[in-house]
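Observations on the three-dimensional arrangement
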Amino acid sequence: MPRLGRRRRWSLRTRLVVSAVTLIAVVATVIGAVTTLALRSYLVEQKDQKLAEAVRRSDRDPGYDLRFVGAPGNPAGTVGGRAADREAPLGLAGRIDRQTPGAPLGGLDERQLAALSAAPRDGRPHTVALPGLGDHRIQASADGRTVLGFPLADVQDTVTTLIWVEVSVTAAGLVAASLAGGALVGVALRPLRRVAATATRVAGLRLHRGEVAPLERVPDTEADPRTEVGQVGAALNRMLDHVHAALHARQESETRVRQFVADASHELRTPLASIRGYAELTRRGRQGAPGAGPVDTGHALGRIEAEATRMTGLVEDLLLLARLDAGRPLSYEDTDLSLLVVDAVSDARAAGREHVWHLDLPADPVVVRGDPARLQQVLVNLLANARTHTPPGTTVTARIRKDGRDAVVEVRDDGPGIARDVLPHVFERFARGDTSRSRQSGSTGLGLAIVHAVVTAHGGRVDVTSAPGRTVFSVRLPGGAAPVDSQAGHRLVTRP
Ligand SMILES: Nc1ncnc2c1ncn2[C@@H]1O[C@H](COP(=O)(O)OP(=O)(O)O)[C@@H](O)[C@H]1O
Ligand SMILES: [Mg+2]
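Residues numbered from 1 in each chain as written. Chains lettered and ligands numbered in written order. Predicted model: local features only at pLDDT ≥ 70, side-chain atom pairs only at ≥ 80, totals over all residues. Heavy atoms only, no water.

1. Examining the overall build of the protein
Keep this limit in mind: Counting from the N terminus, the helices are DSSP H or I runs at least four residues long and the strands are E runs at least two residues long. We compute the radius of gyration from the C-alpha atoms alone; for a globule the expected value is 2.2 Å times N to the 0.38, where N is the number of residues. Throughout, exposure labels follow a simple rule: accessible area from a 1.4 Å probe, protein chains only, divided by the maximum for the residue type, with under 20% read as buried, over 50% as exposed, and the rest as partly exposed. In what follows, residue pairs with any heavy atoms lying within 4.5 Å of each other are defined as contacts.
Along its length, the protein carries 10 helices and 13 strands. Over its C-alpha trace the protein gives a radius of gyration of 54 Å, far above what one expects of a compact globule, namely 23 Å for 496 residues. Put simply, the protein has 496 residues, and 34% of those count as buried. Of the contacts made within the protein by residues no fewer than 6 positions apart, 65% connect residues no fewer than 24 positions apart.

2. Some thoughts on the site of ligand 1
Put simply, the test is: Each residue is tested against the molecule or strand, and it is near if at least one of its non-hydrogen atoms lies within 4 Å. Pairs of N or O atoms are called polar contacts if they sit within 3.5 Å, as long as, within protein, a hydrogen donor faces a hydrogen acceptor (for residues adjacent in sequence, only side-chain-to-side-chain pairs). Every accessible area reported is derived by Shrake-Rupley at a probe size of 1.4 Å, with residue values counting cover from the shown protein chains alone. Any residue outside Ala, Val, Leu, Ile, Met, Phe, Trp, Tyr, Cys, Pro, Asp, Glu, Lys and Arg is labelled polar, Gly included; the first ten of those are nonpolar and the last four are charged.
Lining the immediate surroundings of ligand 1 are 17 residues, of which Asn-385, His-389, Ser-443, Gly-445 and Leu-448 lie closest. Within the side chain of His-389, one N or O atom sits 2.8 Å away from an oxygen atom of ligand 1. Measuring from an oxygen atom of ligand 1, one finds a backbone N or O atom of Gly-445 at 2.8 Å. Calculation on ligand 1 without its partners gives an accessible area of 530 Å², and the protein chains cover 93% of this total. The set of elements that each furnish at least two residues to the shell around ligand 1 consists of α8 (372-388) and α10 (447-457). When grouped by side-chain class, the residues that make up the shell around ligand 1 number seven nonpolar, eight polar and two charged.

3. Topic: the packing of aromatic side chains
Selection criterion: Any two rings among Phe, Tyr and Trp, with Trp reduced to its six-membered ring, count as a pair given centres within 6.5 Å; such a pair is stacked if its planes are under 30 degrees apart, edge-to-face if over 60, and tilted if neither.
Applying the stated criterion across every chain yields a total of two aromatic pairs. On the basis of an interplanar angle of 85° and a centroid distance of 6.3 Å, the ring pair of Phe-427 and Phe-473 is categorised as edge-to-face. Remark: Phe-473 occurs in strand β12 (residues 470-477) and Phe-427 occurs in the loop between β10 (406-413) and α9 (436-440); sequence separation between them is 46 residues. Exposure class is identical for Phe-427 and Phe-473. Each is buried.

4. Digging into helix α6 (residues 297-325)
The test is simple: Between the first and last residue of a helix there are one fewer steps than residues, each counted as 1.5 Å, and that sum is the expected span.
In this model α6 runs 42 Å from its N-terminal to its C-terminal C-alpha over 29 residues, within 8% of the 42 Å that 1.5 Å per residue would give. Taken residue by residue, α6 has Ala-300, Ile-304, Glu-307, Met-311, Leu-314, Asp-317, Leu-318, Leu-320, Leu-321 and Leu-324 as its buried positions. The inward-facing, buried residues of α6 abut α5 (228-287), α8 and α10. Once α6 ends, the next one or two residues include Gly-327, with phi positive near 75°.

5. Some details on the side chain of Asp-317
Applicable threshold: By the counting rule applied here, Lys and Arg register as positive and Asp and Glu as negative, while His and the ends of each chain are not counted. Salt bridges, as used here, are contacts in which a Lys or Arg side-chain nitrogen is within 4 Å of a carboxyl oxygen on Asp or Glu.
Along the chain, Asp-317 turns up in helix α6. One buried charged residue, Asp-317, forms no salt bridge at all, with the nearest opposite charge on Arg-374 at 8.8 Å.

6. Details of the side chain of Glu-307
Along the chain, Glu-307 turns up in helix α6. The class of Glu-307 is buried, set by a relative accessible area of 11%. Not counting residues within four places of it along the chain, the set of residues in contact with Glu-307 comprises Pro-271, Ser-274 and Ile-275.

7. Observations regarding the pattern of salt bridges
This structure, assessed with the given rule, holds 24 salt bridges. A salt bridge links Arg-303 to Glu-307, with the nearest nitrogen and oxygen atoms 3.0 Å apart. Here Arg-303 and its partner Glu-307 are both found in helix α6, four residues apart, which amounts to about one turn of the helix. The salt bridge involving Asp-406 is made with Arg-476; its shortest N-O contact spans 3.2 Å. Of this pair, Asp-406 sits in strand β10 while Arg-476 sits in strand β12, and the two are 70 residues apart along the sequence. Given the relative accessible area of 25%, Arg-476 is considered partly exposed.

8. As for helix α4 (residues 153-203)
Condition: In this analysis the local bend is the angle between axes fitted, respectively, to the seven residues ending at and the seven residues starting at the residue.
Here α4 is 51 residues long and its end C-alpha atoms lie 71 Å apart, about the 75 Å a rise of 1.5 Å per residue gives. The largest bend along α4 measures about 40° and falls at Leu-189, with the proline Pro-191 one to four residues further on. Looking only at α4, the buried set comprises Val-155, Val-159, Glu-166, Leu-174, Gly-181, Gly-182, Val-185, Gly-186, Leu-189, Val-195, Thr-198 and Val-202. Turning to α4, the residues buried within the fold contact α2 (12-59) and α5.

9. Some details on the packing of helix α7 (residues 337-351) against α8
Using the following cut-off: Angles run from 0 to 180 degrees between N-to-C directions of axes, and those axes are lines fitted to C-alpha atoms, restricted for helices to the stretch in contact. The sense of a crossing depends on the near helix, which, turned anticlockwise from the far helix by less than a right angle, makes the crossing left-handed and, turned clockwise, makes it right-handed.
Following both chains from N to C, one finds α7 and α8 inclined at 35°, their axes separated by 9 Å at the closest point. In this structure, the crossing between α7 and α8 has a hand that is right-handed. Each of Leu-337, Leu-340, Val-341, Ala-344, Val-345, Ala-348 and Ala-351 in α7 lies in contact with α8, whose residues at this interface are Pro-372, Leu-375, Gln-376, Leu-379, Leu-383 and Arg-387. Taken together, the residues of the contact of α7 with α8 break down into 11 nonpolar, one polar and one charged.

10. Considering the pairing of strand β3 (residues 126-130)
How we decide: Any two strands with at least two DSSP-identified bridges between them are counted as paired.
Judged from the five bridges that link them, β3 and strand β4 (residues 134-140) form a sheet pairing that is antiparallel. Directly across from His-126, in β4, lies its bridge partner Ile-138. Here β3 folds back onto β4, and the loop between the two strands holds three residues, one of which, Gly-132, carries a positive phi near 85°.

11. What to know about the sheet that holds β3
The five strands lie next to each other as β2-β1-β5-β4-β3, forming an open sheet whose pairing is antiparallel. Pairing within the sheet leaves two strands with one partner each, and these edge strands are β2 (90-95) and β3. Geometrically, the sheet is characterised by an average inter-axis angle of 25° between neighbouring strands, direction not taken into account.

12. What to know about unusual backbone geometry
Of note in this structure, Phe-430 is not a glycine but carries a positive phi near 65°. With respect to the helices and strands, the residue Phe-430 is situated in the loop between β10 and α9. Using a relative accessible area of 12% as the deciding quantity, one classes Phe-430 as buried.

13. Structural notes on a nonpolar patch on the surface
For clarity, the cut-off: Nonpolar side chains (Val, Leu, Ile, Met, Phe, Trp, Tyr) are joined into patches within 5 Å and like charges within 9 Å, using only residues with over 30% relative accessible area and no salt bridge.
Where nonpolar side chains cluster on the molecular surface, the patch consists of Val-26, Val-30 and Val-34 and spans about 260 Å² of accessible area. Here Val-34 is to be found in helix α2.

14. Describing the domain arrangement of the protein
Just so we agree on the cut-off: By convention here, the domain bounds are inherited from an automatic or database domain assignment. A simple way to read buried area is as the amount of 1.4 Å-probe accessible surface that goes missing from two parts once joined, with both sides added.
When the domains of the protein are assigned, the result is domain 1 (2-159), domain 2 (207-328) and domain 3 (332-494). In this assembly, 12 residues from domain 2 lie in contact with 14 residues from domain 3. Overall, the association of domain 2 and domain 3 removes approximately 1,200 Å² of surface from exposure, summing both partners, and the carbon and sulfur fraction of that is 69%. Looking at the side of domain 2 facing domain 3, the largest losses of area belong to Leu-320, Leu-321 and Leu-324, adding up to 40% of the total buried there. Across the domain 2-domain 3 interface, the total number found is two salt bridges. With a shortest N-O distance of 2.8 Å, Arg-429 and Asp-325 are connected by a salt bridge. For the side of domain 2 that touches domain 3, the secondary-structure elements that each account for two or more residues are α5 and α6. Ranked by residue count, the leading element in the side of domain 2 that touches domain 3 is α6, at eight residues. The residue inventory of the side of domain 2 that touches domain 3, partitioned by class, reads seven nonpolar, no polar and five charged.

Dropping the structure here:
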């Protein structure tokens, strides 16, 4: 359908103006036609009244002549005729050629006479076309012997003039309407053009890489939800908000990954450097190289082993975090938390003889759906922190309580607390207190990141409150509920 295709290619402005102008044209045409018909029938009716009057007057003059045609009051162009009776053709016929009193009547030619004779003589007015003389209203007298007709030329002139006026006024009106309509629609659509311009500029931006600059928005005046254009503008702004948020998240995660890789490399460099150093020392000592003193090979190998173990632990932690990041499914089963906590605390007690360890368990076993190996790791990490980041003699309490359907595990110690600058980032990767104590205890800063990742993967959350003399980590696990994937599962509470 090529026509429809062309219409579709019109601009919205053209379509609106064309529709409005077409509508106006249709309405004007209907009004014009009705007015014209009404005027014409009114004028003809008036003509008929005068004709009826003249016909009645002619009845009072029954002589077989044409004096009634030229009677005063009959207009120029009046035709009339008389016949012997209703059926007979007109024997006499004449016409007022000029409106001059007493002037002789003009005659009718054969065809005009035939047409006048053929007019129905039923006493009612009829429109009859007389060849060469135009349309006439013709009426016969009651006896059918007299026929009188008035010309319709003046009626037709009036109607023709009216039609011309209507056509020219309508045409001028349509031209004015299309100009004014075009201007008004242009003004009304200006906000839409601005919205489109904004969208076009945003579409031209390179968004797939690099820094996220703030995206341009549609101005508020163009985002008023009460107008259609405003709804488009507001929707566009909402979309741009989402796009910006997504880009921001993308950039953040890129930065995080880069940071993570940098931190991991940095972490691995230290043990690798010491392994290389001890290995070189051992080799030189064996070769008896000049300058190399006596080497304690046993000590060097011990250090190499210790550093390798540290690296293995680090790499395993990194691997676990990567797996949790990738959303690897955990092996969920009904897990008795009480049992896990008892085991973890007795291991911690064995490792930290100088600390005081307490257990606080409810009478009934607390069962959650979870991955026992990962939950075990959570407890080990928390208890190890309470052991390694606190001085000897610190009391550590592991407690389980039910909170509604949830199970909450708390690990509390009365150590010095978490350093103020570390506390807000304590669940982030490689975040650690930079004390000599944590350096020598092989601290990596991944323990709490793993706790956070595991708990979050279980649909739970981990919170920390810390002040000197009281540090509490509380792990909340949903009871029986299906684990959900949530990224931000921790909250920080600090007390002065
Ligand atoms: N119970 C605690 N008491 C004091 N500080 C703690 C405690 N638990 C954690 N921290 C601090 O939080 C940091 C991060 O802990 P974590 O992520 O387990 O890393 P790491 O134990 O390897 O240092 C630790 O370096 C330490 O400074
Ligand atoms: Mg730790």
